[in-house]
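Summary of structural features
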Amino acid sequence: LLPTAALAQKPKDHTCRILFLSGPDSAPDKIHLFDGASSIEVDLPRMNFSQAYKLRPGALRLHLLPSPLDDPEKLPSGAPTATVSENITDFYLLVTSDPTNPVVPMRMQIINAGANKLKRGQMLWFNLTKKAVAGSVGSEKLVIKPASRLTLDPPARGNKDYRVNLFFRFPDSELNHPLCETQWRHDPRSRTVAFIINEPRARAPRILVFPDYREKEKSKE
């Protein structure tokens, strides 16, 4: 029984998908991700998640770098960093612009995407604005405060279209303003991440929605 117990306790690799949210056109399409021991070149997609990258098991301290690095002693001071605990084996790496960083003009945020945090069919919403947003997303009611996050249950049953009708409020106001009235497609096999962001020179915020479907999950049906 001892070899079996040891195998059961073997640390799992980390799996991550990357999104460069609202990345400027002048920013690179690729960057180097250093995990404390070695680095890999990764994509920085703006309008969809990257492929799933495998990272070594255990607690990690990730850094974004402009070029490959294999020696931790040569890590540039001030490089964008994020910490991943050992038990977060599946996560999204959210990258955003940070012009103040002289090493790489970006910052990182870890979003736990484990099955216990976000199930297939569910939606994870982030409101990155100072405006409250509410309304209906299919069969679900959405009420999300400024600078907050929430998980929404599946908005529909099966692979079908559903209606979305949302409005927003300015800070210290009770007036509702229309945000969007449309239809989206529900895929019960996918997890979905939605961001509410500020749009330059616009009064209304903008909604960006990113589905995460992975072929290998079909075996878990």
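Because the structure is predicted, anything quoted here is derived from the model rather than measured. Along each chain, numbering runs from 1 in the same order as the chain's sequence is written. Only residues with pLDDT of at least 70 get local features here, since the model is predicted, and only at 80 or more are side-chain atom pairs given and counted; chain-wide, interface and lining totals rely on the full set of residues. Hydrogens and water molecules were not included; the side-chain quantities draw on all heavy atoms of the structure.

**Focus: the sheet that holds strand β7 (residues 90-97)**
As a reminder, the rule being used: Pairing between two strands requires that DSSP report at least two bridges joining them. Only DSSP runs of H or I reaching four residues or more are called helices, and only runs of E reaching two or more are called strands; each is numbered from the N terminus. Note on method: axes are straight lines fitted to C-alpha atoms, helices fitted across the in-contact stretch only, with angles between N-to-C directions ranging 0 to 180 degrees.
Reading across the sheet, the four strands line up as β4-β1-β7-β8 and stay open at both edges, with mixed pairing between neighbours. The open sheet terminates on both sides in strands that have one partner only, identified here as β4 (53-55) and β8 (106-112). In this sheet, adjacent strand axes meet at a mean angle of 35° when their direction is disregarded. Examined bridge by bridge, strand β1 (residues 14-20) and β7 share six bridges and lie parallel to one another. Bridged to F20 within β7 is V95.

**Let's talk about the sheet that holds strand β9 (residues 123-127)**
One open sheet accounts for four strands, arranged β12-β9-β15-β16; its pairing is mixed. The open sheet has two edge strands, β12 (148-152) and β16 (206-212), and neither has a second partner. Averaged over all pairs of adjacent strands, the angle between strand axes in this sheet comes to 15°, irrespective of strand direction. Examined bridge by bridge, strand β15 (residues 191-197) and β16 share seven bridges and lie antiparallel to one another. For I197, the partnering residue across the bridge sits in β16 and is R206.

**Observations concerning the environment of R203**
The condition is simple: Any two residues whose heavy atoms approach within 4.5 Å are treated as being in contact.
As for its placement among the helices and strands, R203 is situated in the loop between β15 and β16. Between the C-alpha atom of R203 and that of P188, which follows or precedes it by 15 residues, the distance is 33 Å. Sequence-distant contacts of R203, that is, excluding residues within four places in its chain, are made with K131, F168, F170 and H177.

**A look at the packing of aromatic side chains**
What counts here: A pair of Phe, Tyr and Trp rings is counted when the ring centres sit within 6.5 Å of each other, with Trp represented by its six-membered ring. The angle between the planes then sorts it: under 30 degrees is stacked, over 60 is edge-to-face, the rest tilted. Only protein chains enter the accessibility calculation, which uses a 1.4 Å probe; a residue whose area is less than 20% of its type maximum is buried, one above 50% is exposed, and one in between is partly exposed.
The full count for this structure, using the stated rule, is seven aromatic pairs. Relative to Y92, the ring of F49 has its centre 4.5 Å away and its plane inclined at 15°; by these criteria the two rings are stacked. In this pair, F49 sits in the loop between β3 (39-43) and β4 while Y92 sits in strand β7, placing the two residues 43 residues apart along the sequence. Pair check on accessibility: F49 and Y92 agree, each one buried. Considering the side-chain rings of F168 and F170, the 5.3 Å spacing of their centres and the 80° angle between planes classify their relative orientation as edge-to-face. When its relative accessible area of 1% is taken as the criterion, F168 is described as buried. Exposure remark for F170: the relative accessible area of 23% places this residue in the partly exposed category.

**Concerning the pattern of salt bridges**
The cut-off we apply is this: One side-chain nitrogen of Lys or Arg within 4 Å of one carboxyl oxygen of Asp or Glu is enough to make a salt bridge.
One pass over the structure, following the stated rule, counts 14 salt bridges. Notably, a salt bridge pairs D90 with R214, separated by 3.4 Å at the nearest N-O pair. Here D90, found in strand β7, pairs with R214, found in the segment after β16; they are 124 residues apart in sequence, far enough to count as distant. We note that D90, like R214, is buried.

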